[in-house]
Amino acid sequence: MSDDIFNEVSEILKHIMENPSVPRNIRRAADESNTTLNNEDEDVTVRVSAVILILDEISNDPNIPIHARTLIWEVLSKLESIKTH
């Protein structure tokens with residue numbers, strides 16, 4: 001189950017990273033989140049928690065476009081569902 005969610009989240013993060021209208025620091029955080037999420041050397045819970053911390057911080061950035069913020073909230077929601085299981 002978490003593999004499906006990780007794939008969905010990874011695709012959303014890639015979309016954010018490739019969008020030139022998103023500020024560079026937000027794209028960098030999305031890239032870092034994607035790398036962390038796909039690091040299979042770490043436990044799933046540790047990866048999910050780390051990505052939630054990164055994305056929660058950037059979701060409050062005043063420079064983030066609304067469409068990117070919405071995507072980040074979607075990712076956070078999906079990751080929270082893994083964390084609660």
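Computed from a predicted model, the values in this text were never measured in an experiment.

Colleague: Can you help me understand the packing of helix 2 (residues 24-37) against helix 3 (residues 44-59) in this one?
Modeller: The relative placement of two packed helices is expressed as an angle between their axes plus a distance between the axes. Where helix 2 contacts helix 3, the axes come no closer than 9 Å and their chain directions differ by 170 degrees. Comparing the axis directions of helix 2 and helix 3 gives the class roughly antiparallel. Residue-level contacts link Ile-26, Ala-29, Glu-32, Ser-33, Thr-36 and Leu-37 of helix 2 to Arg-47, Ala-50, Val-51, Ile-54, Leu-55 and Ile-58 of helix 3. Class assignment of the residues belonging to the contact of helix 2 with helix 3 gives a composition of 8 nonpolar, 2 polar and 2 charged.

Colleague: Explanation requested: the packing of helix 1 (residues 2-17) against helix 4 (residues 66-83) in the structure shown.
Modeller: At a minimum axis separation of 10 Å, helix 1 and helix 4 run at an interaxial angle of 165 degrees. Here helix 1 lies roughly antiparallel to helix 4, going by the angle between them. Crossing angle aside, the handedness with which helix 1 passes helix 4 is left-handed. Facing helix 1, whose interface residues are Ser-2, Ile-5, Phe-6, Glu-8, Val-9, Ile-12, His-15 and Ile-16, helix 4 presents Ala-68, Leu-71, Ile-72, Glu-74, Val-75, Lys-78, Leu-79, Ser-81 and Ile-82.

Thresholds, definitions, all that
Residues numbered from 1 in each chain as written. Predicted model: local features only at pLDDT ≥ 70, side-chain atom pairs only at ≥ 80, totals over all residues. Heavy atoms only, no water. Axes fitted to C-alpha atoms, helices over the stretch in contact; angles between N-to-C directions. Helix = DSSP H or I, 4+ residues; strand = E, 2+ residues; numbered from the N terminus. Parallel < 35°, antiparallel > 145°, perpendicular 65-115°, else oblique. Contact = heavy atoms within 4.5 Å. Nonpolar A, V, L, I, M, F, W, Y, C, P; charged D, E, K, R; others polar. Left-handed = near helix turned anticlockwise from the far one by under 90°.

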